[in-house]
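Survey of secondary and tertiary structure
The primary structure of each chain is shown beneath.
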Amino acid sequence: MRKIITIIIIVFNCTMAIGQTLNGFKYIYIPTLKYENGYTDTWNISQIIRSQFIKMGMIVLTESNSLIDEIANNPSIVLIAKVNHYSDPPGFWGGFYSHIELQLS
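These numbers were taken from a predicted model, which means no experiment stands behind them.

Each value, and the rule that gives it
Residues numbered from 1 in each chain as written. Predicted model: local features only at pLDDT ≥ 70, side-chain atom pairs only at ≥ 80, totals over all residues. Heavy atoms only, no water. Helix = DSSP H or I, 4+ residues; strand = E, 2+ residues; numbered from the N terminus. Buried < 20%, exposed > 50% of the residue type's maximum accessible area, 1.4 Å probe, protein only. Contact = heavy atoms within 4.5 Å. Areas by Shrake-Rupley, 256 points an atom, 1.4 Å probe, with all protein chains shown as cover. Salt bridge = Lys/Arg side-chain N within 4 Å of Asp/Glu carboxyl O. Core = buried A, V, L, I, M, F, W, Y, C linked by side-chain atoms within 4.5 Å. Polar contact = N/O pair within 3.5 Å; in protein donor to acceptor, adjacent residues only side chain to side chain. pLDDT = per-residue confidence, 0-100. Arc of directions from axis to C-beta.

1. Quick notes on the overall build of the protein
Assigned secondary structure in the protein consists of 3 helices and 4 strands. Seen in sequence order, the protein has helices and strands lined up from the N terminus as α-β-α-β-α-β-β. When each of the 105 residues of the protein is scored for burial, the buried share is 22%. For the protein, long-range pairs separated by at least 24 residues make up 52% of all intrachain contacts whose partners lie at least 6 apart in sequence. In the form shown here, the protein has an accessible surface area of approximately 8200 Å², with 62% of it arising from carbon and sulfur atoms.

2. Remarks on the pattern of salt bridges
For the coordinates displayed, the defined rule picks out 1 salt bridge. With a shortest N-O distance of 3.2 Å, E70 and K26 are connected by a salt bridge. Here K26 lies in the loop between α1 (2–19) and β1 (27–29) and E70 lies in helix α3 (residues 69–73), a separation of 44 residues in the sequence.

3. Details of the nonpolar core
Most often, soluble globular proteins have nonpolar side chains that are buried together. One finds I28, I30, L33, Y35, I45, I49, F53, M58, V60, L79, A81 and V83 forming the largest nonpolar core, which totals 12 residues. Breaking this core down by element, the ones donating at least two residues are α2 (45–55) and β3 (78–88). Other than its neighbours up to four places away in sequence, I49 contacts I30, V83 and L102. Membership of the second largest hydrophobic core comes to 5 residues, among which are Y27, L61, I71 and I77.

4. Section: the environment of E70
According to the relative accessible area criterion, E70 is partly exposed, its value standing at 34%. Not counting residues up to four positions away in its chain, the partners in contact with E70 are K26, Y27 and I77. A distance of 2.7 Å separates polar atoms of two side chains, one belonging to E70 and the other to Y27.

5. What to know about the environment of I71
Take I71: it is sitting in helix α3. The sequence separation of I71 and Y27 amounts to 44 residues, and the corresponding C-alpha distance is 8.6 Å. Excluding residues that lie within four positions of it along the chain, I71 makes contacts with Y27, L61 and V78.

6. Considering the confidence of the model for the protein
Summary statistics for the protein give a mean pLDDT of 76 and a share of 70% for residues scoring 70 or more. Counted against residues more than four places away or in other chains, residues 1–20, with its pLDDT under 50, gives 0 contacts.

7. Comments concerning α2
Among the residues of α2, I45, S46, I49, R50 and F53 are the ones counted as buried. Take α2 and look down its axis: the buried residues cluster within an arc of 135 degrees, on one side only. The first or second residue beyond α2 is G57, which carries a positive phi of 95 degrees.

Have a look at this one:
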């Protein structure tokens, strides 16, 4: 019984991963990461994420891009990404844990 439940969970997760594609989006807007303390993308995280989407064949937009006519006529072809980067304080074993979240909408 346990094996059947495990297989169902694996199949469900694979189906969800395959169903979440970026088809239909031509552009992705990835703003430069800004921290609460006023610093701007200290670890170059925004650029690393941009380069990965460029490798996937998407056109990456930033704050420095001007509005493209195609986007003005059809804004649904733009995927908007929000990057969050934060660290947890030292735990029992010491050291900081860094987290990066990418929210797509």
